[in-house]
Amino acid sequence: MNDAHSPAPAQTPGVVIVTGGSRGIGHAISTLLAREGHAVAINYATNAARAEALARAITERGGRAMAIRADLSRPGEIRALFTRAHELGPLWGLVNNAGVTGTKVRVEEQTAETLDALFDINVRATMLAAGEAVRRMSTRHGGRGGVIVNLSSVAARLGGLPGLVPYAATKAAVEAFTRGLANEVAREGIRVNAVAPGLTATDMVPPETAKLAETVVPMGRVGHVDEIAQAVAFLLSPASSYMTGSVMTVSGGR
Ligand code: NAP
């Protein structure tokens, strides 16, 4: 079998950075990945106590985890996050989970400042973090390969709820980036995929929006964070070894 037909490098549990890993969907992802044997670098921006508590809970169950503060709107802090995470061992995976909805107003009321704040996290930070991961994981740079999973949203295809049009556009950017980066590093041992959740019960979804699920979601309910984490864990596992450039929708049919 020549190289072009060989499976990707062995993808056993390793060190995975989860951005925004202490809350909401990120909390569920960090918890599940740790249970599956990964060492988890839990990134957070605001609440050290919550992130430390999760890292401690994982460690007490026999897993490996470290809470690392980094405001992803600051490129220097993204680089520092990857340097700190190396204390757990060589990087094997990145979950670009951190995200914000931005300022919820119509497009004509958005400003350069509200749009910059949104794109800095959802798009720029996703790309900069992926770049840091590729630099460490790519066989082109002497790495052993790895996996990147980006969090998109069904909004990328639906255009977003009222006031969230720019948010939907950032997630469309995440999906285009996922496909393009997957092509760029496909022969360097790195797979890149995205998960597109529908309405999921977290702080991001206020009760009146969650109620919408009864009518707009075919299954008639919001998703649970664990249901999103399962898809992320699958894309990080060898079970998805021939998947790259894919977007996996987890939306109750929406
Ligand atoms: P959430 O509960 O609002 O949590 C957002 C996460 O992003 C938090 O962990 C937060 O960290 C982190 N974050 C925000 N700004 C950051 C910054 N500057 N630096 C570092 N981290 C930052 O959101 P969620 O619902 O779990 O969403 C997670 C991902 O899923 C997002 O990408 C979101 O767009 C996507 N998604 C969510 C839904 C949904 O219905 N919930 C649907 C589709 C897609 P701190 O807590 O430390 O601030």
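Calculation rules
Residues numbered from 1 in each chain as written. Predicted model: local features only at pLDDT ≥ 70, side-chain atom pairs only at ≥ 80, totals over all residues. Heavy atoms only, no water. UniProt positions renumbered as here; feature names shortened; annotations may be inferred. Helix = DSSP H or I, 4+ residues; strand = E, 2+ residues; numbered from the N terminus. Contact = heavy atoms within 4.5 Å. Areas by Shrake-Rupley, 256 points an atom, 1.4 Å probe, with all protein chains shown as cover. Lys, Arg positive; Asp, Glu negative; His and termini not counted. Charge placed at Lys NZ, Arg CZ, Asp CG, Glu CD. Axes fitted to C-alpha atoms, helices over the stretch in contact; angles between N-to-C directions. Parallel < 35°, antiparallel > 145°, perpendicular 65-115°, else oblique. Left-handed = near helix turned anticlockwise from the far one by under 90°. Nonpolar A, V, L, I, M, F, W, Y, C, P; charged D, E, K, R; others polar. Near = heavy atom within 4 Å. Polar contact = N/O pair within 3.5 Å; in protein donor to acceptor, adjacent residues only side chain to side chain.

- For the protein chain, an unreviewed UniProt entry supplies the name NAD(P)-dependent oxidoreductase and the organism Komagataeibacter xylinus.
- Its UniProt record, at the heading Sequence similarities (unreviewed entry), says of the protein chain: "Belongs to the short-chain dehydrogenases/reductases (SDR) family."

1. Here we look at the overall build of the protein chain
Here's step 1: Scanning the protein chain from terminus to terminus reveals eight helices and seven strands.
Here's step 2: Long-range pairs, those at least 24 residues apart, make up 71% of the contacts in the protein chain with a sequence separation of at least 6.
Here's step 3: Accessible surface, the protein chain as shown: approximately 12,000 Å² in total, 55% of it carbon and sulfur.
Here's step 4: Each charge class in the protein chain was averaged separately, 25 positive and 21 negative side chains, and the resulting centres sit 4 Å apart.

2. Thoughts on the packing of helix 4 (residues 112–137) against helix 6 (residues 165–185)
In a packed pair of helices, the relevant descriptors are the angle between the two axes and the axis-to-axis distance.
Here's step 1: Where helix 4 meets helix 6, the axes come as close as 10 Å, and the angle between the chain directions of the two elements is 15 degrees. Relative to helix 6, the element helix 4 is oriented roughly parallel. In this structure, the crossing between helix 4 and helix 6 has a hand that is right-handed. Touching L115, L118, F119, N122, V123, T126, M127, A130 and V134 of helix 4 are P166, Y167, T170, K171, A173, V174, F177, L181 and V185, all from helix 6.
Here's step 2: Tallied by class, residues from the contact of helix 4 with helix 6 come to 14 nonpolar, three polar and one charged.

3. Overview of the site of the ligand
Here's step 1: Around the ligand sit 30 residues in total, of which R23, A45, N97, Y167 and T202 are the nearest.
Here's step 2: Here R50 contributes a side-chain N or O atom positioned 3.2 Å from an oxygen atom of the ligand.
Here's step 3: A distance of 2.9 Å separates an oxygen atom of the ligand from a polar side-chain atom of K171.
Here's step 4: Protein chains shield 94% of the accessible area of the ligand, which is 890 Å² for the free molecule.

4. Notes on the packing of helix 1 (residues 24–35) against helix 8 (residues 225–236)
Here's step 1: Remark: helix 1 packs on helix 8, axes separated minimally by 8 Å, with the N-to-C direction vectors making an angle of 50 degrees. With respect to helix 8, the axis of helix 1 lies oblique. The two elements helix 1 and helix 8 cross, and the hand of that crossing is right-handed. Counting all contacts with helix 1, which are made through G24, I25, A28, I29, L32 and L33, the residues of helix 8 involved are V225, D226, I228, A229, Q230, V232, A233 and L236.
Here's step 2: Among the residues making up the contact of helix 1 with helix 8, the classes are represented as eleven nonpolar, two polar and one charged.

5. Structural notes on the UniProt feature "domain: Ketoreductase" (unreviewed entry) in the protein chain
Here's step 1: The UniProt feature table records "domain: Ketoreductase" (unreviewed entry) at residues 14–198.
Here's step 2: Secondary structure over residues 14–198 splits into 47% helix and 19% strand, and the C-alpha atoms at its two ends are 28 Å apart.

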